[in-house]
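# A closer look at the structure
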Amino acid sequence: MGLPERPVGTGPGGNCTGCVICSEENGCSTCQQRLFLFISREGIRQYGKCVHDCPPGYFGVRGQEVNRCKKCGATCESCFSQDFCIQCKRRFYLYKGKCLPTCPPGTAAQQSTRECQEECELNPWGSWSPCTHNGKTCGSAWGLETRVREAGRAGREEAATCQVLSESRKCPIRRPCPGERNPNRKKGQRERRPRKDRKLDGRGDGRPRPAPT
């Protein structure tokens, strides 16, 4: 069973919260379970503090006797471990967990994120989509058809996010939907009935009508 937590002390850290062993001059030297021991240094003096999460520039390492906060590499702003950075300091670019002064060939430096992004290679254009207007392939004289052109890196295991290009163009539909009028007919124009639907009553067939009896 561990020693009870010491009361508030007067060291540089302000208190001994979370400590198992603590002194006023050097702070914590052993922390409660699940907490990390963070050692801050001022000149030749060091002071220990128990924290739930290690501060920026440090990463947590759990051990059998004590969990410690260890400092990231000299070029890392923050990291998961000594060998894997997640954010770099100024003038360095992040590439696969490493902070580099320049991005390697085949990558481009992203100034906004300070990362090296793999360059995208454009694939051929795909086929045109069906010509539609408001989601329908009928009932209108004109519509739009679209095709896309994806970008990637063939043969590479890791692929960065590449922009997908697309373009659209006007296309003719000119096909009525079932039960709708012909979209090519002008507004107000009456639709002519097919010849086979006309009544053969003697009118318009060129033959004289019989005289009434």
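Everything here concerns the structure above.
Here's what I pulled together on the structure shown here.

Procedures and definitions
- Residues numbered from 1 in each chain as written.
- Predicted model: local features only at pLDDT ≥ 70, side-chain atom pairs only at ≥ 80, totals over all residues.
- Heavy atoms only, no water.
- Helix = DSSP H or I, 4+ residues; strand = E, 2+ residues; numbered from the N terminus.
- Buried < 20%, exposed > 50% of the residue type's maximum accessible area, 1.4 Å probe, protein only.
- Polar contact = N/O pair within 3.5 Å; in protein donor to acceptor, adjacent residues only side chain to side chain.
- Salt bridge = Lys/Arg side-chain N within 4 Å of Asp/Glu carboxyl O.
- Phe/Tyr/Trp six-rings, centres within 6.5 Å; stacked < 30°, edge-to-face > 60°.
- Core = buried A, V, L, I, M, F, W, Y, C linked by side-chain atoms within 4.5 Å.
- Contact = heavy atoms within 4.5 Å.
- Patch = residues over 30% accessible without salt bridge, like charges linked within 9 Å, V, L, I, M, F, W, Y side chains within 5 Å.
- Areas by Shrake-Rupley, 256 points an atom, 1.4 Å probe, with all protein chains shown as cover.
- Disulfide = S-S within 2.5 Å.
- Pairing = 2+ DSSP bridges.

## Section: the side chain of Ser140
- Mapped onto the secondary structure, Ser140 falls in strand 14 (residues 140–149).
- Accessibility expressed as a relative area gives 13% for Ser140, which makes it buried.
- Here the side chain of Ser140 touches Trp142 through a polar contact of 3.0 Å, landing on its backbone oxygen.

## Quick look at the pattern of salt bridges
- Counted by the stated rule, this structure contains two salt bridges.
- Between Arg169 and Glu145 there is a salt bridge, and its shortest N-O distance comes to 2.5 Å. Remark: Glu145 occurs in strand 14 and Arg169 occurs in strand 16 (residues 165–175); sequence separation between them is 24 residues.
- Residue Glu167 is joined to Arg147 by a salt bridge in which the shortest nitrogen-to-oxygen separation is 2.5 Å. On the criterion of sequence distance, the pair formed by Glu167 in strand 16 and Arg147 in strand 14 is long-range, its members being 20 residues apart.

## A look at the packing of aromatic side chains
- The final tally for this structure, using the stated rule, is two aromatic pairs.
- Between Phe38 and Tyr58 the ring centres are 4.9 Å apart and the planes differ by 85°, which places this aromatic pair in the edge-to-face class. Of the two residues, Phe38 is situated in strand 3 (residues 36–42) and Tyr58 in strand 5 (residues 58–61); the sequence distance between them amounts to 20 residues.
- A relative accessible area of 15% means that Phe38 is categorised as buried.
- Taking the relative accessible area as the measure of exposure, Tyr58 reaches 23% and is therefore partly exposed.
- Each ring, one from Phe80 and one from Phe84, has its centre 6.0 Å from the other, and the planes form 35°; the classification is tilted.

## A short note on the nonpolar core
- Formed by Cys16, Cys19, Cys22, Cys28, Cys31, Leu35, Leu37, Ile39, Cys50 and Val66, the largest nonpolar core amounts to ten residues.
- Counting residues per element, the ones that place at least two in this core are strand 1 (19–23), strand 2 (27–31) and strand 3.
- Apart from residues lying up to four places away in sequence, Leu37 is in contact with Cys28, Ser29, Cys31, Gly48, Lys49, Val66, Asn67, Arg68 and Cys69.
- Core analysis: the next-biggest nonpolar cluster, separate from the first, contains eight residues, Cys76, Cys79, Leu94 and Cys99 among them.

## What to know about the environment of Val164
- Along the chain, Val164 falls in the loop between strand 15 (151–152) and strand 16.
- Sequence separation of Val164 and Val148 is 16 residues, and the distance between their C-alpha atoms is 7.0 Å.
- Every residue in contact with Val164, bar those within four places of it in the chain, is listed here: Val148, Arg149 and Glu150.

## A few points about a nonpolar patch on the surface
- Residues Phe80, Phe84 and Ile86 make up a contiguous nonpolar surface patch of roughly 310 Å² in combined accessible area.
- Mapping Ile86 onto the fold places it in strand 8 (residues 84–88).

## Things to note about the state of the cysteines
- Under the defined criterion, the tally for this structure stands at ten disulfides.
- Across the disulfide from Cys72 sits Cys79; the S-S distance is 2.0 Å. The sign of the -85° torsion about the S-S bond sets the Cys72-Cys79 disulfide as left-handed.
- Residue Cys79 is classed as buried on the basis of its relative accessible area of 8%.
- In this model, Cys88 is linked to Cys99 through a disulfide, with the two sulfur atoms separated by 2.1 Å. Negative torsions about the S-S bond denote left-handed disulfides, and the value of about -95° found for Cys88 with Cys99 makes this one left-handed. You can see Cys88 sitting in strand 8 and its partner Cys99 sitting in strand 10 (residues 98–100), a full eleven residues away along the chain. The two residues Cys88 and Cys99 agree in class, both being buried.

## Details of the pairing of strand 11 (residues 107–110)
- Sheet topology note: the strand 11/strand 12 (residues 115–118) ladder contains four bridges and is antiparallel. For Ala108, the partnering residue across the bridge sits in strand 12 and is Gln117.
- Taking the residues between adjacent antiparallel strands as the criterion, strand 11 and strand 12 are bridged by four residues, where Arg114 takes a positive phi near 60°.

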